[in-house]
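Tertiary structure, described
Each chain is listed here by its residues.
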Amino acid sequence: MIQINQLSKKYKGAEDFSVKELTLKVEEGQIYGLLGPNGAGKTTLISMLTSLLKPTSGSFSINGLNFKEHKNQLKQLMGIVPQEYALYPTLTAYENLYYFGSMYGIKSEILKKSINGHLDIMGLSKFANKKTATFSGGMKRRVNLIAGILHQPKVLFLDEPTVGVDVQSKNVIIDHLKLLNQQGTTIVYTSHHLNEAEIFCTRVAIIDRGEIVIKGIPSELIKNQTGANSLEDVFLAQTGKALRDYA
Ligand SMILES: Nc1ncnc2c1ncn2[C@@H]1O[C@H](COP(=O)(O)OP(=O)(O)OP(=O)(O)O)[C@@H](O)[C@H]1O
C-alpha cells in the first residue's frame, strides 16, 4: 500500500507549490491513474514518490517503508518508467536491458531469461540486437517499459507510458501492464489519454494546480457527475476549459 501524507513540493525560486499538501492512499493491487492538465503536478508527484526529487514537506510510505529511512529497500521494491527515454541509443535493446537489469543485481541467467521473455511478449525479439537509436517511438517506449520491470517490482510508477505511440504499441503496452497487475504489481501511472484511463484504471485522481480535485472509481465518478458520459466529461467539469500553457 502507498500512503501519501500532506506531500508538498515548491521548486527553488518558484512562487507557487507544484504539489500542495497532497494526501492519497493507493491500495495494493490497484491500477491508479493520476490525471490532470499540463502543469498540474503529476510528474513532480511521481518524481517525489520515486526518490528522484526531494519533497519540501510531508511524507509517504510504500508497504510500510518510510521514504526517508528505507530508501534502498524502496528502490528494490519499485519500478520506474520515466517519461523521457532512459535508453542508451548506441546500445542494442538487449544490451540496454542487460545493463538496467544488472543495476538491480539480477543474476545473469535469470536476467537473460527475463529479458528474452519480455522482448517476446512485447513483439521485439527480432530487434533485440539492433541499436535503439534506430527504433520507432513505439518500440523505444516498449523497451523503456521493460527496463523498469525486469526486477518484478511490487509497485510500478509510470509517467505517460503511452505518449506518442501508435494504437498497436499502446495496446501491447497496456496489455502487458494488465498482465503485470494480475501477477501482483500495483501500478501508478500518469496519462493524458482519458479514454485509456477510463478502461484501464481501477481508481483515478484528477489533480489540478498541485491538488487532488476529485478521486474514485472511474465509472462512479462518471455516474456522479451531472451530464457526464465519460471520464473526459468529468475531467472538463472538474478542471475547466481554460488552456494551461506554461513556460
Ligand atoms: N524543475 C522545475 N523547476 C521549476 N518549476 C518546475 C520544475 N519542474 C516542473 N515545474 C513546475 O511545476 C508545475 C508542475 O509541473 P509538472 O511537470 O509536475 O506537471 P505535469 O502535471 O506533469 O505536467 P505535464 O502534463 O505537462 O507533464 C508546473 O508549473 C511546472 O512549471
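Everything numeric here is computed off the predicted structure, so don't read it as measured data. (Residues numbered from 1 in each chain as written. Predicted model: local features only at pLDDT ≥ 70, side-chain atom pairs only at ≥ 80, totals over all residues.)

Lining the immediate surroundings of the ligand are Y11, A14, S18, G36, N38, G39, A40, G41, K42, T43, T44 and Y246. Its residues assigned to classes, the shell around the ligand comprises four nonpolar, seven polar and one charged. (Near = placed C-beta within 6 Å. Nonpolar A, V, L, I, M, F, W, Y, C, P; charged D, E, K, R; others polar.)

Interhelical geometry of helix α5 (residues 137-149) versus helix α6 (residues 167-182) gives an angle of 15° and a closest axis separation of 9 Å. On the basis of their axis angle, the class for α5 and α6 is roughly parallel. Where α5 crosses over α6, the handedness of that crossing is right-handed. Between α5, through G138, R141, R142, L145 and I149, and α6, the contact on the second element is made entirely by S169, V172, I173, H176 and L180. Here the contact of α5 with α6 is composed, by residue class, of five nonpolar, three polar and two charged. (Axes fitted to C-alpha atoms, helices over the stretch in contact; angles between N-to-C directions. Helix = DSSP H or I, 4+ residues; strand = E, 2+ residues; numbered from the N terminus. Parallel < 35°, antiparallel > 145°, perpendicular 65-115°, else oblique. Left-handed = near helix turned anticlockwise from the far one by under 90°. Contact = placed C-beta atoms within 7 Å.)

Let us look at helix α9 (residues 231-239). Buried within α9 we find L231, V234 and F235. When α9 is viewed along its axis, its buried side chains cluster within an angular range of 100° and face the same direction. Elements that come into contact with the buried residues of α9 comprise β3 (31-35), α7 (194-200), β9 (203-208) and α8 (218-224). At the C-terminal side of α9, G240 shows a positive phi close to 80°. (Buried ≥ 20, exposed ≤ 12 C-beta atoms within 10 Å, placed from the backbone. Arc of directions from axis to C-beta.)

Here we take up the sheet that holds strand β8 (residues 186-191). Across the sheet, six strands lie side by side as β6-β7-β8-β3-β9-β10; this open sheet has mixed pairing. Edge positions in the sheet fall to β6 (78-81) and β10 (211-216), since each of these pairs with one other strand and no more. Here the strands of the sheet are splayed against their neighbours by 15° on average, with no regard to which way each runs. In the sheet, β3 pairs with β9 via four bridges, with the strands oriented parallel. Pairing of L35 across the sheet is with I206, part of β9. Across the sheet, α9 lies against β3, β9 and β10, angled at about 30° from β9, the strand it touches most. (Pairing = 2+ DSSP bridges.)

As far as function goes, none of this settles anything; it's purely spatial.
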